[in-house]
Amino acid sequence: MRKKEVSALLIGRFQPFHLGHLEVVKAIAKECDRLIVGIGSAQLSHTFENPFTAGERHLMISRALTDEGLHNFFLVPIVDINRYAVWVAHVSSLVPPFDAVYSNNPLTRRLFIEAGYEVRMAPMFNRDEYSGSEVRRRIVEGGKWEMLVPRGVVETIHEVKGDERLQEIMKDNAPEATI
Ligand code: ATP
Ligand code: MG
């Protein structure tokens, strides 16, 4: 019989996946056998808050984890349903079974606790710099952002011309997701 593996779920938008996220993943890997990453707001892309598609985020995260020597992971895009009361059921229906959820987000924590899941705190690493908003701000302002994200993320953003995309989005001052 297959040995029981302890699975952890980490949910975020990962716009983009940065070194703070990677540190959390490494901390989780010390405690759990398998990591499930829920790529939240999967339907959103091409806005300042959410510039990258779910597929692009899938690619950047899988490269970053593989480069770190991590292989026992599942990446699952999760579209918003905008109904918090049934959000945990929605997530659970999409991801493989999991034993614990790692999150610092108060609403995420509350919803999973109410649903009876074990919720653990994810430690914060250098939050002043390691934040999606800070990476996006630097990209838009033409600053140095590459040292804030894993190499596989830099490669992915360059490949899809994500930096140009973000700068254009801000130039046009495009409203959020109006299509
Ligand atoms: P944004 O600024 O776009 O909200 P973010 O950096 O907060 O981006 P998210 O995708 O919103 O990234 O967060 C996913 C999860 O990662 C959240 O639970 C968040 O608390 C955690 N997280 C974000 N930054 C760090 C960090 N520097 N160290 C540890 N955990 C982090
Ligand atoms: Mg956030």
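Reference entry: report on the structure contained in this document. (Residues numbered from 1 in each chain as written. Chains lettered and ligands numbered in written order. Predicted model: local features only at pLDDT ≥ 70, side-chain atom pairs only at ≥ 80, totals over all residues. Heavy atoms only, no water.)

## Remarks on the overall build of the protein
So the rule is basically this: For helices the rule is a DSSP run of H or I covering at least 4 residues; for strands it is a run of E covering at least 2, with both sets numbered from the N terminus onward. Only C-alpha atoms enter the radius of gyration; for comparison, a globular chain is expected to reach 2.2 Å times N to the power 0.38, where N is the number of residues. Throughout this description, buried means an accessible area under 20% of the type-specific maximum (1.4 Å probe, protein chains only), exposed means over 50%, and partly exposed covers the range between. All accessible areas in this document rest on Shrake-Rupley with a 1.4 Å probe, and a residue is counted as covered only by the protein chains that are shown.
Looking only at helices and strands, one finds seven helices and five strands in the protein. Counting from the amino terminus, helix and strand elements in the protein follow one another as β-α-β-α-β-α-β-α-β-α-α-α. Its C-alpha atoms give the protein a radius of gyration of 16 Å, near enough to 16 Å, the size a compact globule of 179 residues would have. C-alpha atoms of the protein, sized along the principal axes, occupy 55 × 35 × 30 Å. For the protein, the proportion of its 179 residues judged to be buried stands at 46%. Accessible surface, the protein as shown: approximately 9600 Å² in total, 52% of it carbon and sulfur.

## Observations concerning the layout of surface pockets
Which parts of space are left empty comes out when a probe the size of a water molecule is rolled across the atoms. Condition: Residues are said to line a cavity or pocket when one of their atoms sits within 4 Å of a point; the points come from a 1 Å grid over protein atoms alone, cavities being sets where a 1.4 Å probe fits but cannot get out and pockets being open sets with protein on both sides within 12 Å along at least five of seven lines. Grid points are joined across faces, edges and corners, and a volume is the space filled by probe spheres set on the points. Each residue gets one label: Ala, Val, Leu, Ile, Met, Phe, Trp, Tyr, Cys and Pro are nonpolar, Asp, Glu, Lys and Arg are charged, and the others, such as Gly, are polar.
Estimates place the volume of the largest pocket at around 960 Å³. Lining of the largest pocket is provided by 37 residues; of these, Ile11, Gly12, Arg13, Asn105 and Thr108 occupy positions nearest its centre. Split by residue class, the lining of the largest pocket holds 17 nonpolar, 15 polar and five charged.

## Here's the deal with unusual backbone geometry
Glycine aside, negative phi is the norm for most residues, and most peptide bonds take the trans geometry. The residue after Gln15, namely Pro16, is reached through a cis peptide bond having omega 0 degrees. Tracing the sequence through the fold places Pro16 in the loop between strand S1 (7–12) and helix H1 (19–31). Backbone geometry at His46 places phi at a positive 60 degrees, although glycine is not the residue there. Checked against the element boundaries, His46 lands in the loop between strand S2 (34–39) and helix H2 (54–67). Positive phi values are uncommon outside glycine, yet Asn82 reaches one of about 55 degrees. For Asn82, the location among the structural elements is in the loop between strand S3 (73–77) and helix H3 (87–94).

## Let's talk about the pairing of S2
Test applied: The handedness rule is simple: strands pointing away from the viewer, and a clockwise path from the first strand over the helix to the second, make the crossover right-handed. One bridge is not enough; two strands pair if DSSP finds at least two bridges between them.
Counting buried positions along S2 gives six out of six residues, so the element sits mostly inside the fold. Because side chains alternate across S2, one face comprises the buried residues Arg34, Ile36 and Gly38, and the other comprises Leu35, Val37 and Ile39, equally buried. Regarding the hand of the β-α-β motif, the stretch spanning S1, H1 and S2 is right-handed. Bridge count for S2 against S3 is five bridges, and the pairing is parallel. The partner of Val37 across the bridge, within S3, is Leu75. In the classification by handedness, the crossover that spans S2, the intervening H2 and the parallel S3 is right-handed.

## Thoughts on the site of ligand 1
To keep things clear, this is the line we draw: For this purpose, a residue is taken to be near a molecule or strand whenever a single non-hydrogen atom of the residue falls within 4 Å of it. Each polar contact in these results corresponds to two N or O atoms within 3.5 Å; when the atoms are within protein, one needs to be able to donate a hydrogen and the other to accept it, and residues that are neighboring in sequence are counted only if both atoms are side-chain atoms. Think of it this way: if more than half of a molecule's atoms are within 2 Å of a pocket's grid points, that molecule is in the pocket or cavity.
If you check the shell around ligand 1, you find 18 residues, and the closest are Arg13, His18, Phe125, Arg127 and Ser133. Between a nitrogen atom of ligand 1 and a main-chain N or O atom of Phe125, the distance comes to 2.6 Å. Summarising the interface, the protein chains cover 89% of the accessible area of ligand 1, which totals 590 Å² for the free molecule. With respect to the pocket detection grid, ligand 1 is positioned in the largest pocket. A per-class count over the shell around ligand 1 returns seven nonpolar, eight polar and three charged.

## Overview of the sheet that holds S1
Quick note on the threshold: Note on geometry: axes are C-alpha line fits, over the in-contact stretch for helices, and angles between N-to-C directions span 0 to 180 degrees.
The parallel open sheet is built from five strands, whose spatial order is S3-S2-S1-S4-S5. Among the strands making up the open sheet, the edge pair consists of S3 and strand S5 (118–120). Direction aside, neighbouring strands of the sheet carry axes that sit 25 degrees apart on average. Here three bridges tie S1 to strand S4 (residues 100–102), and the two strands are oriented parallel to one another. Paired with Leu10 across the bridge in S4 is Tyr102.

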